[in-house]
Amino acid sequence: MCRLFALTSRDPVSPMLAIKALDVMKEGHDGSGMGLLLQDLGGPFEEMKEAPILSGIFSEEGIRRLDLFMMDLGFLTKYKISLKVPKKPVEGIPRRDLYLIRAYELPEDWDSLSKEDMASRLSGIRLKIREMGEEKNDMIVFSFWPDTIMIKEIGDPLLLAQYLGLDRKELKARIIMAQGRQNTNYAIDLYACHPFFIKGYSTMTNGENTAFIPIKDFLTSRGIPAYSGYQSDSEVFAHILHYSLEELGLGIDGYKHVITPLQESDLSVHPDAGFLSHLKRTCRSLIIDGPNCIIGTLPDHSLFMVQDRKKLRPGVVGGKPGLYAFSSEICGLDAVIPDRDKSRDIQPMHLDTVIVSPDRQEVAICRQTEALNLPL
Amino acid sequence: MSSNRSLEPSALSINDLPWQVKYSNDRCTLCGQCTAVCPVQAIELTVFRKRTLKTSIRRQAEQVTNQDVFYGIWQRTDVAHACIGCAMCTLVCPNDAIHPQKNPGLDRMKFHINQQGVPRRRGGRRNAAGSILDRIKFTRISMLTDPALDAGRHEFEMRTLLGRVLSPRENMKRLREKGWIPPVREIYPLIIGGMSFGALSPTMWEGLQMGVAYLNEEMNMPVRMCTGEGGCPPRLLRSRFLKYVILQIASGYFGWDEIIHAIPHMKEDPCAIEIKYGQGAKPGDGGLLMWHKVNKLIAAIRGVPQGVSLPSPPTHQTQYSIEESVAKMILSMSMAWGFRVPVYPKISASSTSLAVLNNLTRNDYASGLAIDGEDGGTGAAYSVSMDHMGHPIASCIRDNYLNLIKIGKQNEIPIFAGGGIGKNGNLAANAAALIMLGASGIQIGKYVMQAAAGCVGTEEDRCNVCNVGICPKGITSQDPRIYRRLDPEDVARRVVDLFVSFDTELKKIVAPLGRSTSLPIGMSDALGIDDVAAAQRLSIKYVV
Ligand code: SF4
Ligand code: SF4
């Protein structure tokens, strides 16, 4: 079972904080990899909130091809962080040429684009780079989105962080999601590592999605190019989130109704019974099954956690105004926010969506049996 | 027959018959029960003559020759009276003196069941025991990656949708604009498929209805039953139980005068309307109720004279093209109930099924598609149709489902699979396999007759005389002397047994696969088969 840790903080913090939490939960992951998402960035990126940031891993050849490709599209590098890796290889961590974090200046003719067009163009470019990289095995791209950095690599999280020098002062964010992998696939594909990211939405999951194939079939047949990939059964959680909020106009309180709808007896007495039975029927192919704890972020920098229908995975949320954290285990929370009021820790149950909004003042619990904001 | 006479070509010996009656004279009490019960008069009480010789090695001793007679049972060998293997004689014999046995060699019956130029007609099944569904295994077992679910403890939602489900976006738009949203029923995924009042005896029909009502009202299982083409008893039409019934209309429109007239008096809408275009057992052939079974009651419900054969035309005669026969018919039926009732076609599995499906995807009023495979049953058909016409259900369902995925409508038009599901007794496994191949639900007919009423038919051409009203179990007979053998209450009890045990077995299959909160429609990654070609054809895993 993988271990998850996420935090949302008023002041930008170093990703080392999250990595420290993963390290105390070490018994629960086998050090086979780490995924990291940073959003609502601080440091030098504070000044360039609109600039899309490309995160990925490149070979020397790959970076040359990338530069040509981006130049052709009219993108100019605005700022970059080069993660220089030590000369001496570390056992368990693969040798790479370059970990890229690069912010781009948007091409001039993009100024007039609507938000949706911009989003689909950015995601189109990411997919194109991924496709090019898969051809020659020289580029892996995790995200290409404003105010977002993603790093994924094979290895033990703490060792990796030291290896990549993630404690550098330019790397600071208000939202951090981190996952320590418990490997259940023999060969590790970095595209199968959490967190997953799509157009400002990101999720990471601890569990197994047994309804993966029908869900994947549904998403890939929506005619949306970004609904692709699916090296991991958990990637669909991020895409369902995007579909629910962007395509259907639901709020985050509706997400759980899509993935784990209420059963008949609860549904019939729900204040929005009519609407919800329509949602349940039409989104039947998106119902997840199996044990899953999902932690995710939204484009407005809210952080949330939902549990599967039977609550078969651990998950705890706690903190203090200005700093909240979501963790697989309480020891992870203790390592990062020891001075919180522990009596207010929350372990979301099978009907709960727990949300910390961007003001980071409190933990809101939305129960599935309550009325919700209808997109009507 | 004497050895010096000319031989009639269809003169058969017991050796030529498919079923041979084994009879033991020393156990027989001559009670006459077997000859009385035999539906085809295959056995008769006969006087046998037997000469016994008493000889001795002593010369002087008297040599005696005796002509004795004794009584016993004799099997007739003419085609019309050939034993059908039903074993009713065995069932009634108080002394275990008689039982039918399948001819261990090859019988020659087939060459002769066409006397007077009439080819063989029968009821029942295709008589082919092999089943690809039985070979499909569920191989994706969640174990340590996932706490196994407990079929007896965890909550399960094994329901399916019957009706046109719009895409989430379109549905949302229509909710917003208060547009028409097609009716959708949430039902149990195992459906009692269309068997008409007429094909079935009144006691059988009543038993099924009572069983279904009990499942709905006492067991919280929304099981539905289709009427088949033969109308619906008027009292049921006007009762609240109509909501558990799928009314079928087919090319003979039998019983629809009564139904249409009852619409203003209906307390509840029917669950759905099934328009039958084809039947898996005899694709391209219409329904058939032979005159033997058209008694006063059946004639009244169907609105026809008594004692005439009732063949339905192979196609809906008033319509000439797929647009008309499908689109207009669906629209008319929807309109009759104010667009509140799902309407869907049922077709026989065929390599042309895809064309029908594609047509339906463009029609918002089409609520689903029922596909009936070659192993389906029938009350009456020509043997040649049953034996040689048709398409296996598995690949047909798979093709149709994959086609829906391609156009992104897999959740919008539910496909229901029928035809020989559970024909070797593995109902839950066959049903689960089809669901994971893409079916939204399963229709069963013969299985219900076997499990709930004791139909003796098997895939070895046993019995299968459903067409001529002599069903030895009273299931498909309209003769009160026969159908009173069947108590509707018993049938109802067995229907409940069948569904409740099916439900447990279905959970026993899906729980280890880590599925519980929704029916695993299209979960093909769970399936494997030990045949490369079949695996490839069905796009599932090859496992050995
Ligand atoms: S098995 Fe059936 S058909 Fe054959 S002799 Fe016995 S009762 Fe008659
Ligand atoms: S028992 Fe009745 S229903 Fe079954 S095969 Fe024989 S005639 Fe048909």
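The structure we're discussing is the one just above.
To keep things clear, this report deals only with the structure shown in the data block. (Residues numbered from 1 in each chain as written. Chains lettered and ligands numbered in written order. Predicted model: local features only at pLDDT ≥ 70, side-chain atom pairs only at ≥ 80, totals over all residues. Heavy atoms only, no water.)

## Overview of the overall build of chain A
Definition in use: Runs of E in the DSSP output that reach at least two residues are strands. Runs of H or I that reach at least four are helices, and both are numbered from the N terminus. For a compact globule the rule gives 2.2 Å times the number of residues to the power 0.38, and the radius of gyration it is set against comes from C-alpha atoms. For the exposure calls, accessible area comes from a 1.4 Å probe over protein chains only, and a residue counts as buried if that area is under 20% of its type's maximum, exposed if over 50%, partly exposed in between. Residues count as neighbours in contact if any of their non-hydrogen atoms are within 4.5 Å of one another. Where accessible areas are quoted, they stem from the Shrake-Rupley method and a 1.4 Å probe; at the residue level, only the protein chains shown are allowed to cover. For this count, His and the chain ends are skipped, Lys and Arg are scored as positive, and Asp and Glu as negative. Charge coordinates come from a single atom per side chain, which is NZ of Lys, CZ of Arg, CG of Asp or CD of Glu.
Of regular secondary structure, chain A possesses 10 helices and 16 strands. In summary, chain A has a C-alpha radius of gyration of 20 Å against a globular reference of 21 Å for 376 residues, a match within 12%. Principal-axis analysis of the C-alpha atoms gives chain A an extent of 60 × 45 × 40 Å. Residues counted as buried form 64% of the 376 residues belonging to chain A. When contacts within chain A are restricted to residue pairs at least 6 apart in sequence, long-range pairs at least 24 apart make up 74% of them. Within the structure as shown, chain A displays about 13900 Å² of accessible surface, and the carbon and sulfur contribution to it stands at 50%. Averaging the coordinates of the 44 positive side-chain charges in chain A and doing the same for the 52 negative ones gives two points 3 Å apart.

## Some thoughts on the overall build of chain B
Helices and strands together make up the secondary structure of chain B, namely 17 helices and 21 strands. Relative to the 2.2 N^0.38 estimate, which gives 24 Å for 544 residues, the radius of gyration of chain B is 26 Å and therefore close to what a compact globule would have. In terms of its C-alpha atoms, chain B occupies a principal-axis envelope of roughly 115 × 60 × 45 Å. Residues counted as buried form 56% of the 544 residues belonging to chain B. Long-range contacts, defined as pairs at least 24 residues apart, comprise 75% of the intrachain contacts of chain B with a sequence gap of at least 6. Element-wise, carbon and sulfur atoms account for 53% of the exposed surface of chain B, whose accessible area totals about 23600 Å². In chain B, which carries 62 positive and 49 negative side-chain charges, the distance between the mean positions of the two groups comes to 2 Å.

## Looking at the sheet that holds strand 15 (residues 352–356) of chain A
Residue and element names in this part refer to chain A. Rules: Any two strands are treated as partners once DSSP identifies two or more bridges connecting them. Throughout, an axis means a line fitted to C-alpha atoms (over the contacting stretch in the case of helices), and angles, computed between N-to-C directions, take values from 0 to 180 degrees.
Pairing within the open sheet is antiparallel, and its 6 strands lie in the order 9-10-11-12-15-16. At either margin of the open sheet sits one strand with a lone partner, and together these are strand 9 (196–198) and strand 16 (364–367). Neighbouring strand axes in the sheet, compared pairwise and without regard to direction, differ in orientation by 20° on average. Here 4 bridges tie strand 12 (residues 303–307) to strand 15, and the two strands are oriented antiparallel to one another.

## Regarding the nonpolar core
For clarity, the threshold we go by: To form a nonpolar core, buried Ala, Val, Leu, Ile, Met, Phe, Trp, Tyr and Cys residues must be joined to one another through side-chain atoms within 4.5 Å.
The biggest cluster of nonpolar side chains holds 113 residues, and the ones touching the most others in it are B:Leu208, B:Leu247, B:Leu434, B:Met436, B:Ile442 and B:Phe499. Counting 85 residues, the second largest nonpolar core, distinct from the first, contains A:Phe75, A:Ala103, A:Ala178 and A:Ala325.

## Let's talk about the sheet that holds strand 21 (residues 541–542) of chain B
All names here are of chain B. Pairing is mixed across the open sheet formed by 3 strands, whose spatial order is 6-20-21. Strand pairing shows two members of the sheet lacking a second neighbour, strand 6 (137–138) and strand 21, which therefore form its edges. Note: strand 6 against strand 20 (residues 527–529), 2 bridges, orientation antiparallel. Directly across from Phe138, in strand 20, lies its bridge partner Leu527.

## Considering the environment of B:Ile259
Residues and elements named next belong to chain B. Along the chain, Ile259 falls in helix 7 (residues 256–262). Classification of Ile259 by relative accessible area gives buried; the value is 0%. C-alpha of Ile259 to C-alpha of Cys232: the two residues are 27 residues apart in sequence and 7.3 Å apart in space. For Ile259, the residues in contact, after removing those within four places along its chain, are Gly231, Leu237, Leu247, Met266 and Trp337.

## As for the site of ligand 1
Quick note on the threshold: Throughout, the term near means that a residue has one or more heavy atoms lying within 4 Å of the molecule or strand in question. Here the term charged refers only to Asp, Glu, Lys and Arg, the term nonpolar to Ala, Val, Leu, Ile, Met, Phe, Trp, Tyr, Cys and Pro, and the term polar to all other amino acids, Gly among them.
In the vicinity of ligand 1 there are 13 residues, among which B:Cys38, B:Cys83, B:Cys86, B:Ala87 and B:Cys89 approach most closely. Class assignment of the residues belonging to the shell around ligand 1 gives a composition of 12 nonpolar, 1 polar and no charged.

## A word on helix 9 (residues 273–282) of chain A
Side chains of residues three or four places apart in an α-helix project in the same direction, reflecting 3.6 residues per turn. The element helix 9 of chain A is largely enclosed, with a buried count of 7 among its 10 residues. Where helix 9 of chain A is buried, its residues touch helix 7 (252–259) and helix 8 (264–268) of chain A together with helix 4 (168–177) of chain B.

## Examining the environment of B:Gly105
Its location among the elements puts B:Gly105 in the loop between strand 4 (98–102) and strand 5 (121–124). For the pair B:Gly105 and B:Asn15, spaced 90 residues apart in sequence, the C-alpha separation works out to 8.2 Å.

## Focus on the packing of aromatic side chains
Residues and elements named next belong to chain A. For clarity, the cut-off: Working definition: a ring pair exists when centres of Phe, Tyr or Trp rings (six-membered ring for Trp) sit within 6.5 Å. Plane angles under 30 degrees give stacked, over 60 give edge-to-face, the rest tilted.
In total, this model carries 19 aromatic pairs over all chains according to the counting rule given. Centre to centre, the rings of Phe75 and Phe144 are 5.7 Å apart; their planes meet at 65°, and the pair counts as edge-to-face. With Phe75 in the loop between helix 2 (60–73) and strand 4 (76–83) and Phe144 in strand 6 (residues 139–146), this pair connects stretches of sequence that are 69 residues apart. For the pair Phe75 and Phe144, a shared accessibility class is recorded, and that class is buried.

## Points about unusual backbone geometry
Residue and element names in this part refer to chain A. Omega for the peptide link from His194 to Pro195 comes to -10°, which places this bond in the cis form. Of note, Pro195 is situated in the loop between strand 8 (173–180) and strand 9. The residue Asn137 is not glycine, and still its phi comes out positive at about 60°. The topology assignment puts Asn137 in the loop between helix 3 (115–136) and strand 6.

## A look at the pattern of salt bridges
So the rule is basically this: The salt bridge definition used is simple: a Lys or Arg side-chain nitrogen within 4 Å of an Asp or Glu carboxyl oxygen.
Under the definition given, this model contains 50 salt bridges over all chains. Linking B:Asp16 and B:Arg108 is a salt bridge whose minimum nitrogen-to-oxygen distance equals 3.2 Å. Pair noted here: B:Asp16 is in the segment before strand 1 (19–23) and B:Arg108 is in the loop between strand 4 and strand 5, with a separation of 92 residues, a long-range link. In this structure, B:Asp461 engages B:Arg120 in a salt bridge whose closest nitrogen and oxygen atoms are separated by 2.9 Å. Residue B:Asp461 is found in the loop between helix 14 (446–453) and helix 15 (480–483), and its partner B:Arg120 is found in the loop between strand 4 and strand 5; the two are separated by 341 residues along the sequence. A residue is classified by how much of its surface remains accessible, and B:Asp461, at 21% relative accessible area, is partly exposed. For B:Arg120, a relative accessible area of 23% puts it in the partly exposed group. A network of salt bridges, in which partner residues are shared, links A:Asp40, A:Glu46, A:Lys49, A:Asp147, A:Arg174 and A:Arg360.

Geometric descriptors of this kind do not, in isolation, establish any biological role.
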